[in-house]
Amino acid sequence: MSKNDVIKIYNSKLKDLLKHNKLYYQDSAPIISDDYYDKLKTEIIELEKKHKFLKNKSSPSKIVGFKPSKSFDKYMHKIPMLSLSNAFYESDLVNFEKKIFNYLNKKIKFSYSVEPKIDGISASLTYKNKILIRGVSRGDGREGEIITENLKTIKDIPFEVKSLNFPEEIEIRGEVFIKKKDFLKMKDNFANPRNAASGSLRQKDPNETKKIPLNFIAYTYGYFKNNSFKLQTDFLKELKSWGFKTNKDNEILSNIDQLISFHKNFENKRFDLDYDVDGLVYKINDLDLQRRLGFTSNAPRWAIAHKFSADSANTKVKNIEIQVGRTGALTPVAKVQPINIGGVVVSNATLHNEEEIKRKDIRIGDIVKIERAGDVIPHVIDVYKNKRDKNSKPFIFPNKCPSCGSDTIKEFNNTTKKYDAVRRCTNEGYGCEKIAVEKIKHFISKEALNIDGFGKRVVEKFWDLKLLNKPQDIFNLNYNKISNLEGWGQKSVNNLRNSIENSKKVTLQKLIYSLGIRHIGIENAKLISENVHSLNEFIKLVKNNNFNIFLNIDGIGETQVNSLKKFFLNKLNTDILINLSEILNVDNKNLKKNGKLKNKTFMFTGKLEGISRAEAKSLIEKNSGTTLSSISKKLNYLVTGDKPTKRKIEQSKKLGIKIISQDQLIKLLN
Ligand code: IVH
């Protein structure tokens, strides 16, 4: 082979690799398997070894943090690693406090631990007898990946803590990040420092991780045996004395005015810091209060992230496309001239819905201002009408589904008494191609069946090749055909087959969620699974379309029940469930545990003292009880507070339901 030929082959392989990097990191949509990727990478490195004249600053031998491995063992977090709710304006902070006062049922004074929100990757470190025994990534918040060896390469993470007062067992959590100046050296390969840190952390070989200078700042704990700390800020102080890095800009503040002024100052200062921050985190400092407030399904009630204002840039709208979502919603998306906004290349911006386009009069060809804030989808905030072409025409929103041609409608919302802003395809189901593909993507997504190596692009590819058109087809794939596809070697086919096999063991909650029923998210799926004994019982309800009994569940209302009815009236959906029930191995982990209030149901009337309904409900649930939202024979206890509703008391008496006071409830709870 001539020197020129070698260079050609080398360049083409490198180009291919960089393309797949982009697909992975910037679009989160890889189209080749890990093995194919690894092979490509090895080939490039081998070529370089053999031909010393081959050199390129983007070669995988020069930079690290190429596509991360997926082959880490999984670990279920003892305490989930949740996210934070966001605040952008002062009113969000006022609301945040209001909700807390409501939950506690009184206004109290508290102070905040204020901490810069580093834009990195969170990690959990478990120490037992002073030794780091396990390091885990956040993953989907419930289950992460064991990356102990990679974390051990970070100099800020102590392997052993010598302090006498270091707890016997503790899980320390914090942020792994890369400094701005170090990122500059590798900015051609990653969209931003956060991606660089993430990629580096998830390398198969810890020596690869070592090549990138990663940092770690500790800020909280997960599982903590015999925790006797009273304040978050005391804990932060102790973290430092144990040898962990903490943020030197942490602060204690005690009211919203102080928070706002600190935020304002910090927002200006942030560009001088040597790491990326995307806001401040405010945590109620009192840890007992934190414990009382607890969590909603995905975030603590006692903390909030106050984001910094977003980055924006001007660009041109090349086209407006209508995407069809899993529940039939038609979402207009502006395809724009790619533009770098705060370190991330943006080529799509959501236009939300038909109304939004009309209101802002956004047209194809317009110059618009696009904003991108953290992980929020970029959106148009301004249209420069003075720069508009004379011949431009208003955008006409289609009234037929662009995928299946069905009629589209705007539903009437009975609660708000208004028509929805969102237009939907009426063919909600597998009859509409785009909806079907989205449903399958939902089925395999992280929070649903979570099938490793089965990403969104793979679903699209398999769909196009007619390898699947229903969720259950995933369990009956033609592997022969797949192994002949580009990018799919025998090893990756085997991996796929294994992860599909592993995904067959699911909880009832996940199965219900994975069906993608409108208004039935993770939390509602949990409520439902808690209230049916088994998958068989659920199928029985489905066959009789008997969902009204769920109206008794506190948290489930007409909207959810109607949506369940509508979904299962479509025989195809029922068949899918039955089909899946024959393939999957479903267990109902959420069945009530053996707490003191097991099999007992409660309802409240009147105002409780010193505790909110929400907190009382959560106490009952922690003890395996259930709260109902209406009186029926199924109710065991009516708990009365101040000024109870007479009718409820009379009804309960008639049905022989025990009527108890708040004190008696506390006694039951011991
Ligand atoms: S507390 C449940 N403190 O922000 C409590 N998080 O949106 C959540 N983060 O995944 C963690 N700095 O990666 C906390 N001082 C800080 C933080 C922080 C950055 C990140 C963390 C988390 C995300 C939540």
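The structure presented is a predicted model; accordingly, all values stated were derived computationally and were not measured.

Along the backbone of the protein there are 23 helices and 24 strands. For 670 residues, the compact-globule formula gives about 26 Å, and the C-alpha radius of gyration of the protein, at 27 Å, lands near that figure. If one aligns the C-alpha atoms of the protein with their principal axes, the spans along those axes are about 95 × 70 × 60 Å. Long-range pairs, those at least 24 residues apart, make up 68% of the contacts in the protein with a sequence separation of at least 6. A total accessible area of about 33,800 Å² is found for the protein, and carbon and sulfur atoms account for 49% of it. Treating the 120 positive side-chain charges of the protein as one cloud and the 79 negative ones as another, the clouds have centres 2 Å apart.

All right, on to the sheet that holds strand β21 (residues 601-605) then. Strand order across the open sheet formed by four strands is β22-β21-β23-β24, with parallel pairing between neighbours. The open sheet is flanked by β22 (626-627) and β24 (658-661), the only strands paired with a single partner. Pairing of strand β23 (residues 637-640) with β24 involves four bridges; the strand directions are parallel. By the bridge assignment, V639 is partnered in β24 with I660. Sheet strands touched by helix α21 (residues 613-622): β21 and β22. Its angle to β21, the strand with the most contacts, is close to 170 degrees.

In this section: the pattern of salt bridges. A full pass over the atoms with the stated rule returns 38 salt bridges. With a closest N to O distance of 2.7 Å, E355 and K410 form a salt bridge. Here the residue E355 occupies a position in helix α11 (residues 354-360), and K410 occupies one in strand β17 (residues 408-413), the gap between them amounting to 55 residues.

Next up on the list: the packing of aromatic side chains. Throughout the structure, instances matching the rule amount to 27 aromatic pairs. Measuring from ring centre to ring centre gives 5.5 Å for F229 and F235, while their planes differ by 85 degrees; the resulting arrangement is edge-to-face. Considered together, F229 and F235 belong to a single accessibility category, that of buried residues. Judged by centre distance (5.8 Å) and plane angle (25 degrees), the rings of F547 and F568 are stacked. In this pair, F547 sits in the loop between α18 (535-543) and α19 (558-569) while F568 sits in helix α19, placing the two residues 21 residues apart along the sequence. Exposure class is identical for F547 and F568. Each is buried. Following the ring pairs from residue to residue traces out a cluster consisting of Y127, F166, Y221, F224, F229, F235, W242 and F244. Directly above the aromatic system of F53 lies the positively charged group of K3, at a separation of 4.9 Å from the ring centroid.

Turning to empty space enclosed by the protein, a few remarks are in order. Evaluation of the coordinates by the stated rule reveals three cavities of 30 Å³ or more. For the largest cavity, the calculated volume is near 60 Å³. Around the largest cavity, the lining residues are Y75, H77, K78, S124, T126, R134, E169, E171 and Y223. Put simply, the parts of the chain that give the lining of the largest cavity at least two residues each are β4 (121-128) and β7 (169-178). The residue makeup of the lining of the largest cavity, split by class, is two nonpolar, three polar and four charged.

Attention now goes to the layout of surface pockets. The space that makes up the second largest pocket amounts to roughly 620 Å³. Together, 24 residues line the second largest pocket, and E411, R518, H519, T559 and N562 are the ones closest to its centre. Of all elements in the fold, only β17, β18 (418-425) and α19 reach the threshold of two or more residues within the lining of the second largest pocket. With six residues, the top contributor of residues to the lining of the second largest pocket is α19. Grouping the amino acids of the lining of the second largest pocket by side-chain chemistry returns five nonpolar, twelve polar and seven charged.

We now examine the sheet that holds strand β8 (residues 214-224). Hydrogen bonds between backbone atoms are what pair the strands of a sheet, whose relative direction is either parallel or antiparallel. Overall, antiparallel pairing links the four strands, which are arranged β5-β4-β7-β8 in an open sheet. Two strands close off the open sheet at either side, each with one partner strand: β5 (131-137) and β8. The sheet shows a mean angle of 30 degrees between the axes of neighbouring strands, taken without regard to direction. One ladder, built from six bridges, connects β4 with β5; its direction is antiparallel. Along β5, the bridge assignment pairs A123 with S137. Where helix α6 (residues 193-201) meets the sheet, its contacts fall on β4, β7 and β8, and the angle it forms with β7 comes to roughly 125 degrees.

Right, let's talk about the site of the ligand for a bit. Lining the immediate environment of the ligand, one finds 13 residues, of which E115, K117, E175, Y219 and K283 sit closest. K117 has a polar side-chain atom sitting 3.5 Å from an oxygen atom of the ligand. S122 has a polar side-chain atom sitting 3.4 Å from an oxygen atom of the ligand. Relative to its free-state accessible area of 520 Å², the ligand is covered by the protein chains to the extent of 87%. Looking at the shell around the ligand, the elements with two or more residues in it are β3 (112-118) and β10 (277-284). The element best represented in the shell around the ligand is β3, accounting for four residues.

So, about the side chain of R363. Mapped onto the elements of the fold, R363 is located in the loop between α11 and β15 (367-372). Using a relative accessible area of 13% as the deciding quantity, one classes R363 as buried. In contact with R363, not counting residues within four places along its chain, are V317, I320, R388, S392, K393, P394 and F395.

Rules and cut-offs
- Residues numbered from 1 in each chain as written.
- Predicted model: local features only at pLDDT ≥ 70, side-chain atom pairs only at ≥ 80, totals over all residues.
- Heavy atoms only, no water.
- Helix = DSSP H or I, 4+ residues; strand = E, 2+ residues; numbered from the N terminus.
- Rg over C-alpha atoms; globule rule 2.2 N^0.38 Å.
- Contact = heavy atoms within 4.5 Å.
- Areas by Shrake-Rupley, 256 points an atom, 1.4 Å probe, with all protein chains shown as cover.
- Lys, Arg positive; Asp, Glu negative; His and termini not counted.
- Charge placed at Lys NZ, Arg CZ, Asp CG, Glu CD.
- Pairing = 2+ DSSP bridges.
- Axes fitted to C-alpha atoms, helices over the stretch in contact; angles between N-to-C directions.
- Salt bridge = Lys/Arg side-chain N within 4 Å of Asp/Glu carboxyl O.
- Phe/Tyr/Trp six-rings, centres within 6.5 Å; stacked < 30°, edge-to-face > 60°.
- Buried < 20%, exposed > 50% of the residue type's maximum accessible area, 1.4 Å probe, protein only.
- Lys NZ or Arg CZ within 6 Å of the ring centre and 35° of its normal.
- 1 Å grid on protein atoms, 1.4 Å probe; cavity = no way out; pocket = protein on both sides within 12 Å on 5 of 7 lines; lining within 4 Å.
- Points joined across faces, edges and corners; volume = space filled by probe spheres on them.
- Nonpolar A, V, L, I, M, F, W, Y, C, P; charged D, E, K, R; others polar.
- Near = heavy atom within 4 Å.
- Polar contact = N/O pair within 3.5 Å; in protein donor to acceptor, adjacent residues only side chain to side chain.

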